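Descriptive structure summary
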Amino acid sequence: EDGQHLTFVITLVSTTESQLFTAPPSLSTAGALAFTVGAYRYGTAVFQVLLVDDCGTARGGVNVSLASTLEIRVAFVNHAPSFVFASGTATTLEAVSAVATTAVGFATSISRGSPNGNEDSQDLTFRLTLVSITDPLLFAAGGSPAISAGGDLSYTPDAYRSGTAVYTVVLADSGGTDRGGSDA
């Protein structure tokens, strides 16, 4: 039966995610499987696979293989959260006493990492790391800068102090790093 042209026919049987693929599975005649997973999608899809030749069924011939099952499982991967600073600078005037200061909405456009909502239950934490400071006593005891999960910056400058503090800010989530995921 040389010279026959073979074609794989792949039919979806079931899926846990209707938008799992942007390009559905295909098989080359050499058996190479190809598909494209949709952005931020995960789940399981089951397919029926048949191999068909082009010689037809004349004289009792059979041109379709027995059905095989193909199951594709796409595992969840945590995506890094993100944010934007409304302003990269917070300025406070020198005061005669330590005054707690809050800049509401300092960090905005806060995202848990996935636009389709499958990471909405994750906790977010802003981590601030001091890079440089011109006066080590700039902040009152317990008044170092912190950013709430909602993006509000709070800090307490000490009385009669002035200077500049530079911090690196990272937003982390509780989703973990399994299967190459990113939580920061």
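All of these numbers come straight from a predicted model, not from anything done at the bench.

The next thing to look at is the nonpolar core. Counting 11 residues, the largest nonpolar core consists of Phe106, Ala107, Leu124, Phe126, Leu138, Phe139, Ile147, Leu153, Tyr155, Val169 and Leu171. Contributions of two or more residues to this core are made by strand S9 (124-133), strand S11 (153-155) and strand S12 (165-173). Leave out the neighbours within four places in its chain, and Leu153 touches Ala90, Thr101, Thr102, Ala103, Phe106, Pro145, Ala146 and Ile147. Membership of the second largest hydrophobic core comes to 8 residues, among which are Leu20, Ala45, Phe47 and Val74.

Moving on: the packing of aromatic side chains. In this description, an aromatic ring pair is defined by two values, namely the gap between the centres and the angle between the planes. Taken as a whole and assessed by the stated rule, the structure comprises 7 aromatic pairs. When the centroid spacing of 5.4 Å and the interplanar angle of 80° are considered together, the rings of Phe21 and Phe35 count as edge-to-face. Taken as a pair, Phe21 in strand S2 (residues 21-27) and Phe35 in strand S3 (residues 33-37) lie far apart in primary sequence, 14 residues in all. The class of Phe21 is buried, set by a relative accessible area of 18%. Between Phe83 and Phe126, the aromatic rings sit 5.1 Å apart at their centres with planes inclined by 80°, giving edge-to-face as the arrangement. Residue Phe83 is found in strand S6 (residues 82-85), and its partner Phe126 is found in strand S9; the two are separated by 43 residues along the sequence. According to the relative accessible area criterion, Phe126 is buried, its value standing at 8%.

A few words now on the layout of surface pockets. Over the atoms rolls a probe the size of a water molecule, and in doing so it shows where empty space is left. Counted as a void, the largest pocket has a volume near 620 Å³. If you go around the largest pocket, you meet 30 residues; those closest to its centre are Ala90, Thr91, Phe139, Tyr155 and Ala165. Listing elements by their share of the lining of the largest pocket, those giving two or more residues are S11 and S12. The dominant element in the lining of the largest pocket, judged by the number of residues it contributes, is S12, at 4 residues. Among the residues forming the lining of the largest pocket, the class breakdown is 18 nonpolar, 9 polar and 3 charged.

Thresholds applied
Residues numbered from 1 in each chain as written. Predicted model: local features only at pLDDT ≥ 70, side-chain atom pairs only at ≥ 80, totals over all residues. Heavy atoms only, no water. Core = buried A, V, L, I, M, F, W, Y, C linked by side-chain atoms within 4.5 Å. Buried < 20%, exposed > 50% of the residue type's maximum accessible area, 1.4 Å probe, protein only. Helix = DSSP H or I, 4+ residues; strand = E, 2+ residues; numbered from the N terminus. Contact = heavy atoms within 4.5 Å. Phe/Tyr/Trp six-rings, centres within 6.5 Å; stacked < 30°, edge-to-face > 60°. 1 Å grid on protein atoms, 1.4 Å probe; cavity = no way out; pocket = protein on both sides within 12 Å on 5 of 7 lines; lining within 4 Å. Points joined across faces, edges and corners; volume = space filled by probe spheres on them. Nonpolar A, V, L, I, M, F, W, Y, C, P; charged D, E, K, R; others polar.

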